Each structure stands twice: as C-alpha cells, then as structure tokens.
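# Geometric and topological summary
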Amino acid sequence: MKINTMAEMMAAGETPEVLFWVGCAGSFDQRAQKITKAFAAILDKVGMKFAILGKEEACTGDPARRAGNEFLFQMMAYQNIQVLNGYGIKKIVTTCPHCFNTLKNEYPELGGAYEVLHHTTLLQQLIDEGKIKLKEGGAFKGKKISYHDSCYLGRANDIYEAPRKILEALDAELVEMKRCKSNGLCCGAGGAQMFKEDEPGNKRINIERADEALETGAGFIAAACPFCNTMITDGVKNREKENEVAVLDIAEMIAASMQ
Amino acid sequence: MHYIPQIGFLILAATGSFLFAKKTGEIRRNILLGKDEDLSNDPGKRWNNLILLALGQKKMFKNPLVAILHLVVYAGFIIINVEVLEIVLDGISGTHRLFLPVLGGVYTWLINFFEFLAATVILVCIIFLIRRNIIQLKRFISKDLNGWPRSDANYILLTEIVLMSLFLCMNAADQVLQGRGAEHYHTTGAFFFSDLLAPLFNGFSDGALVGIERTAWWLHIIGIFAFLNYLPYSKHLHIMLAFPNAYYARLEPQGKIKNMPAVQNEVRYAMQPELAPADAPPPARFGAKDIFDLSWKNLLDAYSCTECGRCTASCPANLTGKLLSPRKIMMATRDRLEDVGRNINLHKTFKDDGKSLLHNYISVEELRACTTCNACVEACPVSIAPLDIIMELRRSLIMEESNAPQEWNGTFSNIENNFAPWKFAPDERDKWAEEMAS
C-alpha cells in the first residue's frame, strides 16, 4: 500500500480529503507504529484519500508546553503551522489525543485553524455511514472489553461516546472500570511525565490504572492513545498478565474486524 | 431604658456589617493583585454555569447522597436566614414577631417550615461531623488539613448546630410563654419541632423563660453576625465566592492551555525579523513565581476553595503517594495571598519579604508530579482550576530558572533538534509508510 505525502500529492496536483497527522509516537514507537499502520490500512480500505506530512511533520510541542517550556512549544507550533498552511490543509485526523488537543485547541489562536478529528470520531462516522463494514461474528464478538479514557480525549475534549460506540459495533461486551469517563484515571504519561522518572511515591500511576482494568476481568483493554497504550501495557506486564489480557488500540480492533 | 436593647442591636448590626465590609474589601483588593484577564465573553454560558454549578451544585451530584445532605445544609441555612430579616426588623423597632399579625396563618406555616429545616440542618451537620471525625474519610484525614483547616471545618459545623439549636430553643420558650398568656408573647399556633422541646422548659418561671427566650434570641443574632465575620477567614467563604467563581470559570475545553502572547511574538520576531517592532518592550516575567504573576481568577479560585479535597482524591499523582495535592496548591496560594495582604495592611504597599509562592509555599517536587490530566479541575464543585496555577509555576521554573529534570532537558533538545521527544533520526519519521509500501 502506497502512503502519499502531501508533497507527493501536491506534485501530482491532487488534494487529499484529510491529512493524517501521525504524531511522534505513531511514527517512531514500535508499538504505536502498528496502530498507525492499522489506521492507515482502514483509510485505504474505505477508499478515503489521505496524505501524511512525512518528514515535514514535527512534534506539536505538547510535552514541551506542559513541562513549562513555552518557547519550544511556540517554535514547534510556528513551524508546523507554516507547513500546514503552506499546503492549505483544511481537515486533519490523528491517532494521538495529545496532538489532537494541541492542533484543535491550541493552534487556532496561533494562526492554524483546521477541522481536527480524533481517529475514534472518524471511525465512528465511517461505521455509521456504512463505509466500514464489520465481519459478522468478528474476533471481539461477545468478548469483554474495558475501555480506558485518555485524559486528552475525555476530560480535555469531552469525547467519551465515539470510542464506546465503536466497541459496541464490534458486538463486544463493554465493561467499565470504576473510574471511567469524566472520572477516568490518568495512565500517568501526560504532562511530559512520559519522558521522565516518577517523583517519589508508593506506586506507579500506570500500575494503579492497569490494576483497575484487570479487576474488570476483561480480556481486552481498549485504548485510543499511543501513550496510554504503552503505559497500560507496561502495567499489565508488571502484573504478569500479558498472556491473558491484550491492550489494543481501537483502530487495531477495527482493522482486525473489517470484512 | 426601653430603648437600650434597640440601641444595643443597632450597634451590633453596624459593627458586624462594618467589619465584614472591611474584610471583604481587603479580599477584593488581594484578588485584584493578580494580573488582568478578560473573562467577560459569552455571558449566557456564564450565567448557565452559575445556575448549574453554583446554585444547582451540579458537580456535587457525582455522589448523590452527599449532594443531598449538602443541599439540605445549604438550602436550610439560606432559607432560614429569611427569619433573620424578621429578627433584624424586630431588633431595630423593638417589636416581637413583627410578621405575625401581617401573615397570620402563613406565619405559623413558615416558622414550622424553618423549624423543619433547622432540625434537618442539625441532623446533617452531625452526620458531617461523624464523617470527618469518626468515620475519617481519607480526604478529611489528609495531612493537608493538619492544624487550623481541620478545626475550621469542625467549627463551621458546630456553629451551625448551635445557631439552629438557639433558634429552636427560642421558639420553644416562646411557645411555653404563649401557653401561659405572658405579655408580648402573641399566640402563633403550634410549632412542631420546638413543641418537642417544650417539656424541657415547662418547669421554669415566666421570668426565667423570658430570660431564656431573649438570651436565645440575642445569641442567635450575635452568632449570625459573628459567623458572617468568620467567613472571610474560613474555608466557608465558598458559600459566597462559589457564585462569582462559577460565573468566571473558563469556558474553553479543559485541554487548552493558556497561550503566552509574549512568547508567541518573541518566536515570531525571531523567525520573521522584519515583523519585529523597533521598540518592542522586553517581555515581562515568564510564568508565575508569586501571586502577583497569577491571574485574578487564580486568586479568586484560592479564596473560593472549601478544602473538600475532591481534587486531591482524584489526582493520580496523589493517589500513588506523590507529594502533589491540588487542594494543597489552592490552600498554599490562599495562604500566600493572605500573607501578602497582611504585609500590605502593615506597610501600605507590598514590602518584599524575600518569599514567593514558588519554593516557599509550593515545592518543585509537587509541581513535577502533575500529569496535567485535569481530574482536579473536573472534580471541583466550585469551578476551581488548580492546573492553571501548576502550569504557571512550571513555566516560571523552566523559563526563569532553567530548572528542569535532566531527562526533560534531553526531551527538549530532542524536540528542538530531531522534532520528536525521542532521539530518533527525523528522516525515519515515515519509515512505517515505506514498510507498508513494500
């Protein structure tokens, strides 16, 4: 499958329907690359014309801004907005809630206004429109799945329903953790915590969250953020449950269940 | 001689109101020490928030049972204060139960309703005292509350019980006196709750009963004025500030962090020097080191905090044993603000005391533990955003002090040089795409 960059599309005189903002985790992290590939495969299968920025994409600046380094954030934002505006981008979809939040909420006042979707919202739309056709009796039919709300999707942007509706479309049995939706517990990665050691404490946040997810007895933990995915996977491994419980991105679940 | 109680009452009311107004003025002055921030847009949405969040206590209903108990105390306490109107008018004009002849049967019904509320307020305050002191819910035994804050919470509950009891005793003595046909004590019809207390008072002489009734009346109204003046020093100030705080709450998605136009322009001028004005003023301080650098809304937040600890109970860092407690962030901000206020009272303007909110009141370790998950913001029943303060202090740490953990410095340099927080070659950003093509 050929993934086009914006530069290639431009050169061919074409315009994509949507720009797929891959994000740093999705681009470089081996686990997250699988999510990226699954999502790209879905877009390809439904025939949606999309492009990536490729080597022209750069960190949105989310971790820098949240660590307190506003200068670095503004530099990254400036560069990215130059690139995006240069290509006349109108619509963006991303598999990372942090990129989603920054592009959607923080770039507009810096001169970068786009329609920004998180991939769970787009996937739900595609299911509703009948463009994504799911197998009868797919791999997740009747299976217990617990969905972990990403802070930057849930509380930060009020997206609670789209990921859940997708899981329902998979005929899965959705089991909620005690702390869910607006009360959801963070995985521990946000605010640039992903990139440093924990402060002194008595437990790691990702283990606290993984314990809660394991308590539901679900065989699958669904995530919609590459960072949450890493954190919860680590937590599950820490409890030596990685053979019984799989942590998957919603895009991966859809990709595995499409006709 | 006849006018002495009235004069006494007027002095009490005037002193109570004056002191309250003075302290309120100081709090207003302190809040305005913060930086300007325009929060006047979209009044429709803001009124909606005020009605839902402050008046309707929407967030409290995340736990319906506690919400109903809290609503009883709140509504009871507010509605009973209608009775205070009569007390004040009686106090000024030297009358007794001024509204009785005007309202007739409605009066009996109203006082019965107030007595019902008083009884339920007493009951709920007892339940709340039990929750705090006997059941010891985690958020109430936290070390955040050691010392004055813990006593403050108990004083408030005890005061409410005392005030409500005085109201019931006053009515009970009044009822017995009415039964005996004592002068001035007009027949009001039966009051259910104070009638239950009447047997306690049957044995007293008329003189003693009048004494009890008057004492209860005076203590009740003195108590109310005293409580009014206690509010500004207490977490209980939230009964007033919850309203403006809900009105001025941020309307943007919680995930959006406040922009810094000064830095935005710095970067723009660096990239496009032709845009830089010749006389561009050097940017002021970055982020917040002290309360003067925070927005007035952050400071209003600090005064609105009722130290309930819902933020801290939902904070992932705190739950896993880290030092960070969003409640403590708010309490420390208020403490610093009060210290600055006292400093200003003493010296007319603020005299540098060598302290700052950052470091002296809030430590680096606390700030470093935050995941910016917004659980604290979401949990707060009175629309406080502890994350705003944490972010501003973090900005000061990084941009003023270059104070970052070693790993973060590495992350920053990766983002700057490799355009990703990890040390990967930027050329490999689309390697996954090449893999898909082959």
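Quick summary incoming for the structure in this document.

Basis of the calculations
- Residues numbered from 1 in each chain as written.
- Chains lettered and ligands numbered in written order.
- Predicted model: local features only at pLDDT ≥ 70, side-chain atom pairs only at ≥ 80, totals over all residues.
- Helix = DSSP H or I, 4+ residues; strand = E, 2+ residues; numbered from the N terminus.
- Rg over C-alpha atoms; globule rule 2.2 N^0.38 Å.
- Buried ≥ 20, exposed ≤ 12 C-beta atoms within 10 Å, placed from the backbone.
- Contact = placed C-beta atoms within 7 Å.
- Nonpolar A, V, L, I, M, F, W, Y, C, P; charged D, E, K, R; others polar.
- Pairing = 2+ DSSP bridges.
- Right-handed = clockwise from strand over helix to strand, strands pointing away.

Right, let's get into the overall build of chain A. Of the regular secondary structure elements, chain A holds 11 helices and eight strands. Its C-alpha atoms give chain A a radius of gyration of 18 Å, within 12% of the compact-globule value 18 Å for 259 residues. Overall, the C-alpha framework of chain A stretches about 50 × 50 × 30 Å when taken along its three principal axes. For chain A, with 259 residues in total, the buried portion stands at 58%. Considering only residue pairs separated by 6 or more positions, chain A has 79% of its internal contacts joining residues 24 or more positions apart.

Below, the discussion takes up helix H12 (residues 296–304) of chain B. Residues and elements named next belong to chain B. Among the nine residues in H12, eight count as buried, and that is most of the element. Within the sequence span of H12, burial applies to Lys-297, Asn-298, Leu-299, Leu-300, Asp-301, Ala-302, Tyr-303 and Ser-304. Turning to H12, the residues buried within the fold contact helix H1 (4–31), helix H10 (238–247), helix H15 (326–347) and helix H19 (386–399).

Let us look at the interface of chain A and chain B. Residue-level contacts link 59 residues of chain A with 58 residues of chain B. Those elements that provide at least two residues to the side of chain A that touches chain B are helix H2 (23–28), helix H3 (30–45), helix H4 (62–67), helix H5 (70–86), helix H6 (97–106) and helix H9 (205–215) of chain A. Looking at the side of chain A that touches chain B element by element, the count peaks at seven residues for H5 of chain A. Partitioning the side of chain A that touches chain B into residue classes produces 25 nonpolar, 18 polar and 16 charged.

Our next topic: the pairing of strand E4 (residues 115–118) of chain A. All names here are of chain A. As paired elements, strand E3 (residues 91–94) and E4 share four bridges and run parallel to each other. Its bridge partner lying in E4, Ile-92 is registered against Val-116. Once you follow E3 into H6 and on to E4, the crossover reads as right-handed.

Structurally, the α-helix is built with 3.6 residues per turn, so residues lying three or four positions apart point the same way. Among all positions of helix H8 (residues 161–169) of chain A, only Ala-162, Pro-163, Arg-164, Ile-166 and Leu-167 of chain A are buried. Each element contacted by the buried residues of H8 of chain A is listed here: helix H7 (119–128), strand E5 (144–147), strand E6 (173–174), strand E7 (220–223) and helix H11 (250–257) of chain A.

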